[in-house]
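# Summary of structural features
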Amino acid sequence: MASESVIEINGLSKSYGSGKKQTLALNALDLTVNRGEIFGYLGPNGAGKTTTIRLLLDLIRPSAGSARIFGLDIRADSVEIHRRIGFLPGELTLWENRTGSQIIHYVASVRGDAKGIAKHADELAERLDLDTSKRVRDLSSGNKRKLGLVAAMMHAPELLILDEPTGGLDPLVQQTFHAMMDEYRDKGKTVFLSSHVLSEVQAICDRVGILRGGELKAVESVEKITNVEFHWVDVTFRDAIPIGLQQQLEGLPSISDVSTNGRRIRLRMLGDFDPLLRVISSGYVEMVHVEEPSLEEIFLAYYSGDKEN
Amino acid sequence: MIGSVFLETLRTTWKQMLYWGVGLSAMGLLVVIMVPLFNMQDMANLLQSFPPVILAMIGVGQELEIFATNEGFVAIGFFGKSALIFAVYPVVMGMRITANEEDSGTMDVLLSLPIERARVIVEKFLAYGLSCVGVVILIYLGLHLGVILGGVDLDVARLLEVTFYLIPVMVFIMAATMLIAVLARRRAVALGIITAFVIVSYMLQTIGLAAEGTVAEPIGAVSFLTYYNAGDILAQGFIWPHIAGFVILSGLLLLASLYRYEGRDIGV
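Before going into details, it helps to say that this report is about the structure given with it. (Residues numbered from 1 in each chain as written. Chains lettered and ligands numbered in written order. Predicted model: local features only at pLDDT ≥ 70, side-chain atom pairs only at ≥ 80, totals over all residues. Heavy atoms only, no water.)

### Section: the overall build of chain B
Here is the rule we go by: Secondary structure counts use DSSP, requiring at least four H or I residues in a row for a helix and at least two E residues in a row for a strand, with both numbered from the N terminus. Radius of gyration means the value over C-alpha atoms here, while the globule rule gives 2.2 Å times the residue count to the 0.38 power. Each residue is placed in one exposure class: buried if its accessible area under a 1.4 Å probe, protein chains only, is under 20% of its type's maximum, exposed if it is over 50%, and partly exposed if it falls in between. Here, residues are in contact when the closest pair of their heavy atoms is within 4.5 Å. Counting rule for charge: Lys and Arg are taken as positive, Asp and Glu as negative, and neither His nor the chain ends is counted. All charge positions are set by atom: Lys at NZ, Arg at CZ, Asp at CG, Glu at CD.
Looking only at helices and strands, chain B has 13 helices and 0 strands in total. Taken over C-alpha atoms, the radius of gyration comes to 20 Å for chain B, in line with the 18 Å a tight globule of 268 residues would show. For chain B, the spread of C-alpha atoms along the principal axes amounts to about 65 × 45 × 30 Å. Relative to its 268 residues, chain B shows a buried fraction of 53%. When contacts within chain B are restricted to residue pairs at least 6 apart in sequence, those whose partners lie at least 24 apart make up 78%. Each charge class in chain B can be summarised by its mean position, and for the 13 positive and 19 negative side chains these summaries are 15 Å apart.

### So, the interface of chain B and chain A
Here is the rule we go by: By definition, the buried area sums, over both parts, the 1.4 Å-probe accessible area that each loses when the two are put together. One speaks of a salt bridge when a side-chain nitrogen belonging to Lys or Arg is within 4 Å of a carboxyl oxygen belonging to Asp or Glu. Pairs of N or O atoms within 3.5 Å make up the polar contacts considered here, provided that, within protein, one atom can donate a hydrogen while the other can accept it, and that residues adjacent in sequence are counted only when both atoms are side-chain atoms. Put simply, Ala, Val, Leu, Ile, Met, Phe, Trp, Tyr, Cys and Pro go in the nonpolar bin, Asp, Glu, Lys and Arg in the charged bin, and everything else, Gly too, in the polar bin.
Contacts between chain B and chain A engage 27 residues on the former and 25 residues on the latter. Note on chain B versus chain A: buried area summed over both sides is about 2,400 Å², and carbon and sulfur give 58% of it. When residues of chain B are sorted by the area they lose upon contact with chain A, S112, L113 and P114 of chain B head the list and together hold 25% of the total. Across the chain B-chain A interface, the total number found is 4 salt bridges. E8 of chain B is the partner of R98 of chain A in a salt bridge, and the nearest nitrogen-oxygen pair spans 3.0 Å. Run the count over chain B and chain A and you get 13 residue pairs in polar contact (both at pLDDT 80 or more). Elements represented by at least two residues in the side of chain B that touches chain A include exactly α1 (4-34), α6 (99-104), α7 (106-111) and α13 (240-263) of chain B. The class makeup of the residues in the side of chain B that touches chain A is 10 nonpolar, 8 polar and 9 charged.

### Some points on the environment of I103 of chain A
Residue and element names in this part refer to chain A. Within the element layout of this structure, I103 appears in helix α3 (residues 100-111). On the basis of relative accessible area, I103 is assigned to the buried category, the value being 1%. C-alpha of I103 to C-alpha of A28: the two residues are 75 residues apart in sequence and 37 Å apart in space. The residues contacting I103, other than those within four sequence positions of it, are L94, W95, R98, V136 and L147.

### Description of the pairing of strand β6 (residues 85-88) of chain A
Residues and elements named next belong to chain A. Put simply, the test is: For two strands to pair, DSSP has to find at least two bridges joining them.
Burial along β6 is two-sided: the residues I85 and F87 and G86 and L88 are all buried. Where β6 meets strand β7 (residues 159-163), 4 bridges bridge the pair, whose relative direction is parallel. Pairing of F87 across the sheet is with I161, part of β7.

### Comments concerning the packing of helix α8 (residues 117-150) of chain B against helix α10 (residues 166-184) of chain B
Residues and elements named next belong to chain B. Stated formally: Angles shown run from 0 to 180 degrees and are taken between the N-to-C directions of axes, each axis being a line fitted to C-alpha atoms and, for helices, limited to the stretch in contact. A crossing counts as left-handed when the near helix is turned anticlockwise from the far one by less than a right angle, and as right-handed when that turn is clockwise.
In the contact formed by α8 and α10, the axes pass within 10 Å of each other and the chain directions differ by 145 degrees. Seen along the crossing, α8 lies across α10 with a hand that is right-handed. Taking contact as the criterion, the partners of I121, F125, Y128, G129, C132, V133, V135, V136 and I139 in α8 are, on α10, L166, I167, M170, V171, M174, A175 and M178. In the contact of α8 with α10, the residues fall into 15 nonpolar, 1 polar and no charged.

### Re the sheet that holds strand β8 (residues 190-195) of chain A
All names here are of chain A. Taken together, the 6 strands give an open sheet; going across it, the order is β6-β7-β8-β3-β9-β10, and neighbouring strands pair in mixed fashion. At either end of the open sheet lies a strand with only one pairing partner, and these are β6 and β10 (215-221). Across the sheet, the mean angle from the axis of one strand to that of its neighbour is 15 degrees, orientation sign disregarded. Pairing of β7 with β8, which is carried by 5 bridges, proceeds in the parallel orientation. Of the residues in β8, the one forming a bridge with L162 is L193. Running over the sheet, helix α5 (residues 141-153) touches β6 and β7 and is turned about 165 degrees from β6.

Structure (structure tokens):
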């Protein structure tokens, strides 16, 4: 079940402009998203996340490559694909003079099952604590986002494509959203979610793709990407830190960012523990605390690595 | 569902249609009510004293006798000088077909639904076209009310023809606006181009009318406004080749818009 692919992207590229003004927004992207998984698509602004999503939705046309959703071509079969997906744009704009329920009915009528969909929409709105009787122009950005989520999810699509879904949502609604995503996964449905809120991706996603400068840098499971080789290590000595220890540590190629605070020394360690243990054994070690790097740090590590290159 | 965009477009447009229609019909009513205040022979003499370029600017050629009638007075007072005003509504509606929604971002939401781009354009085009018909009907009702209230002796059938002749012209302007918006992509650019197009057309029509009987007369043929001349319609009734021309051109502009919109990126 999990190996059945819902999104298959092969060498997808998109460039804007021509000649010297040509900008490559997405470069030969290869990616597969499987049924029943929540896939996090990470990257800073301008990395190409929204470009990927707009290509998948056939809003913009690829310069090269192809993509299939549910085995259907994103260009030739876009209407059939759209019937089976729900989409929330990153910069959501809705028809300002219409009320929430009018927009829900409009979207439902285009989808072709106004009554059935609208009923589910009411349930979603209630769950997200959204008042659909207000005009869009009178809604806060968070409530507009809720309305966008209702419109994207009300037909219970097989695939949800969400661009920065929780921007503007308060923490309580974010929790509800996370629960809804878990339910989606449990039902065997798929979510493709772009975000720069790494903790959110860490909390709900199964796999993560990291994008930078239009290129996919890594695709890993959240567990695996968290299990990178560097760790933060805090060593607390019973007595004062042995003289010259800091210099010794700084001399090790696998150690960096060494700082001291009283009897405690903190450092960033790459690779095996053995070289560190040999050096710190010159003192009486009271406690060693090892921290896994956060996804934010992993994310930054990818970029700093790139900058160095 | 087929027709959902059409119906939604009508729902969001009927108020503007009503405001425009009532406003323009009030103008027409005022002009009709004023008819008895003027002696049409004096009017004809006055027109004869004007230089051709001034007459051309109000849409009058050298055949002045038609304007020495009540219908002619309405043609000059309302339909002639209002040519540019009538162009505003279809421009506004033409911009709404794609440009406004692309600029605001709502087109992304709409086109992420199971609907073809062509269907969006066609349904919006038909809905806004229908709203142009609504505006024209309201204009006619205003004129007719003026006839009743003012007890004016006017050929109502001719008045109906002049008024309803506006429909193909307005639809043509709307179609031209739509194509320019599809090509230019940006709302502000499209608005600038279509405004220039209408103003240049008006100037070319003026030159053509002012230069009747000279070598410069054919210049006017380039302007679409030349084919909506209230005086000609009063004299001849519906000029079917001109109407057919507007309909065919509108159809071609619609096809060109569909072709271009299908092949290009949205909102870029």
